[in-house]
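Remarks on the overall topology
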Amino acid sequence: MSIFSKIAAGEIPSYKCAENEQFYAFLDINPVSPGHTLVIPRREEDYIFDLSDDELAAMQVFAKHVAVAMRRVFKCRKVAQVVLGLEVPHAHIHLIPMNKEGDVDFRRPKLTLPAEEMKEMAEKIYTEFQKE
């Protein structure tokens, strides 16, 4: 079971931003920008393109609703969508609030944000997601 599966199952704490029966979204604990959120399928699958067509389409729609909520919270120009990462063998999408392309630079040092700030961001995203 991957660390992301354990997070989605509630076995490991996370800053939940959104969820439904198929997908779970939570703040990245090593963000490149404040609000950096991960969207995962609850069903563990290593490679995003190994998801069925229906699962992948549903994941994109879920991610869209999370991104809409994020954009309202962060007042950013756009929310970037990035699919990358080999460290965790669980398909995931990075959603990152951005005002300039440099906001999505994974080579920059990762941020360390206070727990209270992370909790507040996640709660705001979750509240906005509920309106979708």
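Anyway, here's the lowdown on the structure attached to this text.

Procedures and definitions
- In every chain, residue numbers begin from 1 and rise along the written sequence.
- With the structure being a predicted model, the display of local features is reserved for residues of pLDDT at least 70 and the display and counting of side-chain atom pairs for 80 or more, all residues being used for whole-chain, interface and lining totals.
- Hydrogens are left out, water is left out, and the side-chain values use all remaining heavy atoms of the structure.
- Helix and strand labels come from DSSP, where a helix needs a run of H or I of at least four residues and a strand needs a run of E of at least two; each type is numbered from the N terminus.
- Throughout, radius of gyration means the C-alpha value; the globule benchmark is 2.2 Å times the number of residues raised to the power 0.38.
- Exposure classes here rest on a 1.4 Å probe applied to the protein chains alone. A residue is buried below 20% of its type maximum, exposed above 50%, and partly exposed in between.
- Whether two residues are in contact is decided by their heavy atoms, any of which lying within 4.5 Å being enough.
- Areas reported as accessible are Shrake-Rupley estimates using a 1.4 Å probe. Residue values count occlusion only from the protein chains shown.
- A residue counts as positive if it is Lys or Arg and as negative if it is Asp or Glu; His and the chain ends are not included.
- Here the site of a charge means atom NZ of a Lys, CZ of an Arg, CG of an Asp or CD of a Glu.
- Strands qualify as paired when DSSP identifies two bridges or more between them.
- Fitted lines through C-alpha atoms serve as axes, helices being fitted only where they are in contact, and the angles separating the N-to-C directions of these axes extend from 0 to 180 degrees.
- In the cavity and pocket records, a cavity denotes points on a 1 Å grid over the protein atoms alone where a 1.4 Å probe fits but cannot get out, a pocket denotes an open set with protein on both sides within 12 Å along at least 5 of 7 lines, and lining residues are residues with an atom within 4 Å of a point.
- Grid points are joined across faces, edges and corners, and a volume is the space filled by probe spheres set on the points.
- Residue classes follow a fixed rule: Ala, Val, Leu, Ile, Met, Phe, Trp, Tyr, Cys and Pro count as nonpolar, while Asp, Glu, Lys and Arg count as charged, and any other residue, Gly among them, counts as polar.

Things to note about the overall build of the chain
Counting its regular elements, the chain contains three helices and five strands. Counting from the amino terminus, helix and strand elements in the chain follow one another as α-β-β-β-α-β-β-α. Taking 2.2 N^0.38 as the reference for a compact globule, 132 residues should give roughly 14 Å; the C-alpha atoms of the chain span a radius of gyration of 14 Å, in line with that estimate. Among the 132 residues that make up the chain, the fraction classed as buried is 42%. Long-range contacts, defined as pairs at least 24 residues apart, comprise 59% of the intrachain contacts of the chain with a sequence gap of at least 6. Roughly 7,500 Å² of accessible area belongs to the chain as shown, and the carbon and sulfur atoms make up 53% of that amount. Counting 17 positive and 21 negative side-chain charges, the chain places the averaged centre of each group 8 Å from the other.

Considerations on the sheet that holds strand β2 (residues 23-27)
In space, the five strands of this open sheet follow the order β1-β2-β3-β5-β4, with antiparallel pairing throughout. Only two strands of the sheet have a single neighbouring strand rather than two, namely β1 (16-19) and β4 (78-82). Strand-to-strand, the axes of this sheet are offset by a mean angle of 20°, without reference to chain direction. Examined bridge by bridge, β1 and β2 share three bridges and lie antiparallel to one another. Pairing of Lys16 across the sheet is with Phe26, part of β2. The sheet strands contacting helix α2 (residues 53-74) are β1, β2, β3 (37-41), β4 and β5 (93-98), and the helix crosses β5 at an angle near 25°.

Remarks on the layout of surface pockets
To find leftover empty space, one rolls a probe the size of a water molecule over the atoms. In this model, the largest pocket occupies a volume close to 460 Å³. Around the largest pocket sit 21 residues that line it, and Phe4, Asp28, Asn30, Leu38 and Val88 are the ones nearest its centre. Going through the elements one at a time, α1 (3-8) and β2 are the ones with two or more residues in the lining of the largest pocket. A total of three residues in the lining of the largest pocket trace back to one element, the largest contributor, which is α1. Among the residues forming the lining of the largest pocket, the class breakdown is twelve nonpolar, six polar and three charged. In this structure, the second largest pocket encloses a volume near 210 Å³. Taken together, the residues of the lining of the second largest pocket sort by class into nine nonpolar, three polar and one charged.

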